[in-house]
Amino acid sequence: MMSLDRPFQLIPKDTGRYSLCAAVSAGDLADAMALRARCFGPAGGVRDRFDAEATHVIVRHRDSGDIVCTFRLTLLSGASVQDSYAGQSYALDGLAAFPGPMLELGRFCTAPDRPDPDILRLAWAGMTSVVDAQAVGMLMGCASFPGTTPAPYLEAFALLGHRHLAPAPWRPGIKAPEVVRFAALADQRPDLRRAQAAIPPLLRTYLAMGGWVSDHAVIDREMDTLHVFTGLEIAAIPESRKRLLRALAG
């Protein structure tokens, strides 16, 4: 049975329409797993060893009580980063030297029938509170593209390779058996509008704040996704964006 002990406190937040809090009951966790299965397929709703070590966050619609967003957060250090969820698919030797706490964001998903940007804003408000309270130096995780066929995303991958690669000291190496190397797309000049439209909203937000990605995408057949490692150094976020995030966080 999953432990409900949490490594840190999450301050609940309420916008009037949506509420954000930690999942603290069996019912909360069951709802979170059901949304994960809905978004990622059956494998996404299966609890793994990383769930037991994470703080699970849920966002509910205040009127209906429906869960509209969930994700898990795990505090990491350089010594533990290679044993993270992302560390299963990426070689993170460089990040082992990162000087400060890291926060892994995983299994992020929103209800497909709730395309409301306020949900993403509330999620970022919750993450901002944790980042500040725990003096986190980097947010990290895997950003998912639906399906395992690369063709629909080649322009997006080319754009990521041209503009958003990780700094060399932190750049993840290849570990997974099936990958799409962005270097193979270096000669492509993607249509900017189409490429950006193919990038998931959460990843677009990371990139807008100075985030970066691995130089390859992993083909994850178990989860039926392609994903890229994503990092966001807190010190690199523009001050104007930090003020906005902290205002959202209250």
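Here's a quick rundown of the structure. (Residues numbered from 1 in each chain as written. Predicted model: local features only at pLDDT ≥ 70, side-chain atom pairs only at ≥ 80, totals over all residues. Heavy atoms only, no water.)

Remarks on the nonpolar core
Proteins that are soluble and globular tend to have nonpolar side chains buried together. Threshold: Among buried residues, the Ala, Val, Leu, Ile, Met, Phe, Trp, Tyr and Cys ones that are joined through side-chain atoms within 4.5 Å form a nonpolar core. When a residue's accessible area, from a 1.4 Å probe over protein chains only, is under 20% of the maximum for its type it is buried; when over 50% it is exposed; and in between it is partly exposed. Labels follow the DSSP assignment, with helices taken as runs of H or I lasting at least four residues and strands as runs of E lasting at least two, numbered in each case from the N terminus. We call two residues in contact whenever any of their non-hydrogen atoms come within 4.5 Å of each other.
Grouped together as the largest cluster of nonpolar side chains are 51 residues, with contacts concentrated most on Phe71, Leu73, Trp124, Phe145, Phe157, Leu160 and Leu203. For this core, the leading source of residues is helix 3 (residues 117-133), giving 8 residues. Ignoring sequence-local partners within four residues, the contact set of Leu73 consists of Phe8, Ala54, Thr55, Val57, Leu103, Glu104, Leu105, Met127 and Val130. Among the nonpolar cores identified, the runner-up in size contains 16 residues, and Val81, Leu92, Phe98 and Met138 belong to it.

Some thoughts on the pattern of salt bridges
How we decide: Throughout this description, the term salt bridge denotes a Lys or Arg side-chain nitrogen within 4 Å of a carboxyl oxygen of Asp or Glu.
Under the counting rule described, the total for this entry stands at 16 salt bridges. Notably, a salt bridge pairs Arg17 with Asp116, separated by 3.1 Å at the nearest N-O pair. Placement of the pair is Arg17 in the loop between strand 1 (13-14) and strand 2 (18-22) and Asp116 in the loop between strand 6 (102-110) and helix 3, with a sequence separation of 99 residues. Assessed through its relative accessible area of 45%, Arg17 is described here as partly exposed. Ionic pairing is found between Arg194 and Asp191, a salt bridge with its closest N-O pair at 3.9 Å. Note on Arg194: relative accessible area 52%, which makes it exposed.

A look at empty space enclosed by the protein
Selection criterion: Here a cavity is any set of points on a 1 Å grid over the protein atoms alone where a 1.4 Å probe fits but cannot get out, and a pocket is any open set with protein on both sides within 12 Å along at least 5 of 7 lines; a residue lines the site when it has an atom within 4 Å of a point. Grid points are joined across faces, edges and corners, and a volume is the space filled by probe spheres set on the points.
Counted under the stated rule, the structure contains 2 cavities of 30 Å³ or more. For the largest cavity, the calculated volume is near 110 Å³. Around the largest cavity, the lining comprises 13 residues; the ones closest to its centre are Thr128, Val131, Ile234, Ile237 and Leu245. Taken together, the elements giving at least two residues each to the lining of the largest cavity come down to helix 3 and helix 7 (239-249). When residues of the lining of the largest cavity are assigned to their parent elements, the largest contribution, 5 residues, is made by helix 3.

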